[in-house]
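Chain by chain, the residues:
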Amino acid sequence: MITIALSKGRIFTETMPMLNAAGIFCNDDPDESRKLVFGTNEKNIQLIIVRASDVPTYVEWGGADLGIAGKDVLDEYDGTGLYQPLDLGIGICKMMVAAKKDFNYQEKISKRVHLRVATKYPNAAKEFFGRKGIHIDLIKLYGSMELAPIVGLSDVIVDLVSSGKTLEANNLVATEEISDISSRLIVNKASLKINREILQPLIKKFSNAITK
Ligand code: PRP
């Protein structure tokens, strides 16, 4: 049995069409069900639904053979047992620095002022500001980062921006782009060796399903 780990978060609406394009159809609608394991039209392929940030863990430790995870999640994951053969071109957004409209970000950066940064992406934030030579206090949050500058918890946030509506609704502006984000297919390295005859054609199907 081949197990594919998916999450119901941000990228889910684009994940199912991608699976369908690769010829995999879920037997139920995961959005309408509390089940965590789902059969598919392929009798040797099942889907499991896990938290977005747990997808790499399931794949690295063999709870799943394949997974679909955002680059944002993968950049925060410290494991080494993952093979990332494909950028699926779905779940596209940007990792950005954002602040209140009246926060003079450029001036603070040019003066190398110490910044308080709230984020759920500590690796991305440390790497980005480290490269710029800016010292930061990192405040780890698990969601609703936009609140942090509003209530004075931080100077800036590091967060995903897609439509920009969440920033706008909270009177924040993006001040600098950190990186492009999209979803990746990830594969358990040992499983790829053991199940090569099944996984290689499946990876090829995903590759063919990518809309260029
Ligand atoms: C992400 C991100 C922003 C929002 C940006 O949150 O953290 O809050 O989407 O999208 P927008 O630019 O289209 O408004 P998500 O919905 O993934 O939930 P989260 O708060 O759990 O990260």
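This is a predicted model, so every value here is computed, not measured. (Residues numbered from 1 in each chain as written. Predicted model: local features only at pLDDT ≥ 70, side-chain atom pairs only at ≥ 80, totals over all residues. Heavy atoms only, no water.)

**Q** Help me out: how do you make sense of the sheet that holds strand β7 (residues 115-119) in this one?
**A** What links the strands of a sheet is backbone hydrogen bonding, and the strands pair in either a parallel or an antiparallel sense. The sheet built from five strands is open, its strands ordered β8-β7-β9-β6-β10 with mixed pairing. The two strands at the open ends of the sheet, each matched to only one other strand, are β8 (136-140) and β10 (172-181). Taking each pair of neighbouring strands and ignoring which way they run, the sheet shows an average axis angle of 30 degrees. In the sheet, β7 pairs with β8 via five bridges, with the strands oriented parallel. Residue pairing for β8: L115 is matched across the bridge by I136. With respect to the sheet, helix α5 (residues 122-132) is in contact with β6 (93-100), β7, β8, β9 (156-161) and β10, its orientation differing from that of β8 by roughly 170 degrees. (Pairing = 2+ DSSP bridges. Helix = DSSP H or I, 4+ residues; strand = E, 2+ residues; numbered from the N terminus. Axes fitted to C-alpha atoms, helices over the stretch in contact; angles between N-to-C directions. Contact = heavy atoms within 4.5 Å.)

**Q** How should I be thinking about the site of the ligand in this particular structure?
**A** Residues in close proximity to the ligand include R10, K120, S144, E146, D159, L160, V161, S162, S163, G164, K165 and T166, which together make up its full environment. K120 is positioned with one of its side-chain polar atoms (N or O) 2.7 Å from an oxygen atom of the ligand. D159 places a side-chain nitrogen or oxygen 2.7 Å from an oxygen atom of the ligand. Protein burial of the ligand: of its 500 Å² of free accessible surface, 69% is covered by the chains. Applying the majority rule of atoms within 2 Å of the grid points places the ligand in the largest pocket. At the level of secondary structure, the elements contributing two or more residues to the shell around the ligand comprise β9 and α7 (165-169). In terms of residue count, the dominant contributor to the shell around the ligand is β9 (three residues). In terms of residue class, the shell around the ligand is built from two nonpolar, five polar and five charged. (Near = heavy atom within 4 Å. Polar contact = N/O pair within 3.5 Å; in protein donor to acceptor, adjacent residues only side chain to side chain. Areas by Shrake-Rupley, 256 points an atom, 1.4 Å probe, with all protein chains shown as cover. 1 Å grid on protein atoms, 1.4 Å probe; cavity = no way out; pocket = protein on both sides within 12 Å on 5 of 7 lines; lining within 4 Å. Sits in = over half its atoms within 2 Å of the grid points. Nonpolar A, V, L, I, M, F, W, Y, C, P; charged D, E, K, R; others polar.)

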